[in-house]
Amino acid sequence: MNTTFSITPLGDNAVIIEWEQQIAPHIHEQVMKAFHCLQSLKLSFITDLIPAYASLAVLYDAAAIRQKINRPARAWISDFIKRSLQQVTDTGTTVSRSLQIPVCYHPSLAPDLSVLAQQKGMSEAALITLHTAQTYTVYMIGFLPGFPYMGKVDARLASPRLKQPRTAIPAGSVGIAGEQTGIYPLSSPGGWNIIGQTPIRLFDPSAQDPCYCRPGDQVQFVPITLETFYQMQQPS
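Just so you know, these numbers come straight off a predicted model, no measurement behind them. (Residues numbered from 1 in each chain as written. Predicted model: local features only at pLDDT ≥ 70, side-chain atom pairs only at ≥ 80, totals over all residues. Heavy atoms only, no water.)

Draft legend 1. Region of the structure containing the pattern of salt bridges. Here the structure, examined in full by the defined rule, presents eight salt bridges. Two residues, K152 and E179, come together in a salt bridge whose shortest N-O distance is 3.8 Å. Pair noted here: K152 is in the loop between β7 (148-151) and β8 (166-169) and E179 is in the loop between β9 (173-177) and β10 (180-183), with a separation of 27 residues, a long-range link. The exposure class of K152 is partly exposed, given its relative accessible area of 36%. Here E179 falls in the partly exposed class, since its relative accessible area comes to 40%. The shortest N-O distance in the salt bridge between R214 and D209 comes to 3.1 Å. By relative accessible area, which is 40% here, D209 ends up partly exposed. (Salt bridge = Lys/Arg side-chain N within 4 Å of Asp/Glu carboxyl O. Helix = DSSP H or I, 4+ residues; strand = E, 2+ residues; numbered from the N terminus. Buried < 20%, exposed > 50% of the residue type's maximum accessible area, 1.4 Å probe, protein only.)

Draft legend 2. Region of interest: the side chain of T137. Within the element layout of this structure, T137 appears in strand β6 (residues 136-141). Of note is the side chain of T137, whose polar atom sits 3.2 Å from the side chain of Q218. Not counting residues up to four positions away in its chain, the partners in contact with T137 are H28, Y149, M150, G151, D217 and Q218. (Polar contact = N/O pair within 3.5 Å; in protein donor to acceptor, adjacent residues only side chain to side chain. Contact = heavy atoms within 4.5 Å.)

Geometric descriptors of this kind do not, in isolation, establish any biological role.
Structure, rendered in structure tokens:
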């Protein structure tokens, strides 16, 4: 795989692998190759792997490493990662899931849709068409449990966050911030431009896999009516 990455300390029990810092599918492909490589090793001393846009955090058990290796844990894990990733082939692509997420763009669930359409000089219908035409990559999960950061939106939809964030945004709200689109999995304060809402529950702590989306997923939004939204709405 592409070996143009750096590995630097991230606290006492973690390192971060970083590639060129940009939002781009070819960079994220390298992140996911590294993620799947290290995940597949099923090593007890690697306690967590956290992929992002252009980086992968590797959390490790320093005490467990020191019991087996007569070297500082941080130096050893960095060398181990380099050796492991050098064996990853650049041929092929990582396996990703394709998800269709229903979204209702009705004004009652989309407080920023009308204003955003006016700002962009287009109709609400045109804005919805642009938003649903793209297939988005889930680059990372963060901010809230299960919050998928996805991109990139059509350049005509890119918009800054609200100058005055809202104190409460309903769970399932679909928003735009910069070149990204995302979904609030829980009710939360936030400053994204809200253009719709999904009835799908994005985070369920009782489920075996609590997060509906995973890094690397390919997501397409499917517009639904308000009636369908309430029929599909899941209890929180």
